[in-house]
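Close look at the chain arrangement
Here is what each chain is made of, one letter per residue.
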Amino acid sequence: MLDHGAPPHNGGPAAPHSEGLGMRLMRRKPVERLVAEGGHGEGGTLRRSLGLWQLTMISIGATLGTGIFVVLGETVPKAGPAVTLSFVIAGLTALFSALSYAELAGTIPVSGSSYSYAYATMGELIAWVCGWCLMLEYGVSVAAVAVGWGEYLNELLDGTIGVTLPAALSAPPGDGGVFNAPALIVVLLAMAFLLGGARESARANTVMVLVKIGALVLFCAIGVQGFRSGNYENFMPLGMAGVSAAGATLFFSYIGFDAASTAGEEARNAQRDLPRAILLSLAIITALYVLVAAVAVGAKPWRQFTDSEATLAQIMREVTGQSFWGTLLAFCAVIAIASVVLTVLYGQTRILFAMARDGLVPKVFARVSPRSGTPRANTLIVSLFCGVLAAAVPLGQLADATSIGTLFAFALVNIAVVVLRRSRPDMPRSFRVPLSPLLPALGFGFCLWMMGSLSTVTWVVFGVWMAVGLVFYFLYGYRRSRLAAPAPSEAK
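Attention in this report is confined to the structure presented alongside it. (Residues numbered from 1 in each chain as written. Predicted model: local features only at pLDDT ≥ 70, side-chain atom pairs only at ≥ 80, totals over all residues. Heavy atoms only, no water.)

1. What about the packing of aromatic side chains?
Throughout the structure, instances matching the rule amount to 22 aromatic pairs. Centroid distance F227 to Y232: 5.8 Å. Interplanar angle 25°. Geometry classified as stacked. When the centroid spacing of 6.1 Å and the interplanar angle of 70° are considered together, the rings of Y473 and Y478 count as edge-to-face. Across the pair, Y478 and Y473 agree in class, each one buried. In textbook terms, an aromatic cluster arises when at least three aromatic residues are bridged by ring pairs, as seen for W128, W132, W465, F472, Y473, F474, Y476 and Y478. Across from the ring centre of F305, 5.5 Å away, lies the NZ or CZ of K300, which sits over that ring. (Phe/Tyr/Trp six-rings, centres within 6.5 Å; stacked < 30°, edge-to-face > 60°. Buried < 20%, exposed > 50% of the residue type's maximum accessible area, 1.4 Å probe, protein only. Lys NZ or Arg CZ within 6 Å of the ring centre and 35° of its normal.)

Have a look at this one:
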């Protein structure tokens, strides 16, 4: 079925030799074909077993974790007490993009997330660039989150049995260690859950999400007892530049709200539930972030924050004078961060599943086990790669690299929602971005502004990443893209 809202050369299955290079790079995949292929992989199909509750928990699980438990301690020195404002700015940036995600997820309910949205609206090359950025968002953020897990594991071990893992085995090279074994372990544990099936993984994630929400509420209840208004007297000591720089880093804390969109082919009622899950999860996350940040800065002078990755546990110990509460929070953080690893790893495998089905990456990523209804080989490969990356690269470098890839993908989503409105205005939409195109334009602008706040080194890393991705596309994806071949329904 052709996408009648697109030009003929973009919607139809023309043979490769009949198109020039420019036409092939701009060719779009019809929405109807995207939806018709949903769930189908090599040798099996994904199972639709997730409802609104599970989808919301997936987005919260993928988002709520390292950003507040770990990265907070790194950003307070950049912004001072105004770090709460940094969270709000990062949250607004996420909100504008979340509105665009919600509309597209309800209109194109497939596993590829923004990669698939770009394919339907802006063509194959832009879709590839978006998918490559998503690998940076999901795959690299799994590693970044896993790095922080080891810090809280050490806090837990110290508070319970009085021992900690040696630095050589609990930190990556560059951070005083040789190999971050805990980071690899938590990725392998998440892999084991995912191999069991989407529904089983969602159940485990729901339990872990409830634990970490409870942990943050507990922190606020105890931390507010040490609140000192004087800690807010010099609210913005480093100016708006510090707030902006902290906000760009803290955007890492919001990465994952779009994770529900990667479950589009395993949701029972994707068109109805995906938009609701995305917006509901973002509202809950933002409220918790701002509250926890406000309490943390009120309980501890901003100059005393260090680059420790177990900041909240330290504050609880200082406020109560007892190690028990810090140990309890460390336990909850271990659960919380494991949940992020689980759900973000899930998202990465489903994005690669969609890209492999389109022929842009090797088809091994699209193989589905008939027994479990999961892409087993995909899960194994991604998990091992992310685990090794987590064990060998420091958190700070990973967090910033993840942020820039995510911001770029979000910027494309804000463009895609406007393009689809114009090319297919008659398509049924379960959710519509209000005040379009104004809010998508604001979302696009905020993403560019926050990208501009990141360091030159981060931009260099991003440029190298994109160059590698383009080389891979022209050597592999461009030649093997399945969009040139008719869809099964079109071939009959």
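2. Some words on the state of the cysteines
Per the counting criterion, the structure on display carries 0 disulfides. This cysteine, C386, is not joined by any disulfide, and C133 carries the nearest cysteine sulfur, 16 Å off. On the basis of relative accessibility, which here comes to 1%, the residue C386 falls in the buried class. (Disulfide = S-S within 2.5 Å.)

3. Side note on the pattern of salt bridges
A complete count under the given rule lists 11 salt bridges for this structure. As a salt-bridge pair, E103 and R421 come within 2.8 Å of each other at their nearest N and O atoms. Of this pair, E103 sits in helix α6 (residues 83-107) while R421 is found in helix α17 (residues 395-423), placing the two residues 318 residues apart along the sequence. Of the residues examined, E103 reaches a relative accessible area of 1% and is grouped as buried. (Salt bridge = Lys/Arg side-chain N within 4 Å of Asp/Glu carboxyl O. Helix = DSSP H or I, 4+ residues; strand = E, 2+ residues; numbered from the N terminus.)

4. What about the nonpolar core?
With 152 residues, the main nonpolar core has I68, F69, L72, F87, Y152, F219 and L312 as its most contacted residues. Setting aside its immediate chain neighbours within four residues, F219 contacts V224, V292, V295, A296, L312, I315, M316 and L329. (Core = buried A, V, L, I, M, F, W, Y, C linked by side-chain atoms within 4.5 Å. Contact = heavy atoms within 4.5 Å.)

5. Some words on a positive patch on the surface
A grouping of R47, R199, R203, R268 and R371 is seen on the molecular surface, where their side chains present a positively charged patch. Among the structural elements, R203 can be located in helix α11 (residues 198-223). Residue R203 is classed as exposed on the basis of its relative accessible area, which comes to 55%. (Patch = residues over 30% accessible without salt bridge, like charges linked within 9 Å, V, L, I, M, F, W, Y side chains within 5 Å. Areas by Shrake-Rupley, 256 points an atom, 1.4 Å probe, with all protein chains shown as cover. Lys, Arg positive; Asp, Glu negative; His and termini not counted. Charge placed at Lys NZ, Arg CZ, Asp CG, Glu CD.)

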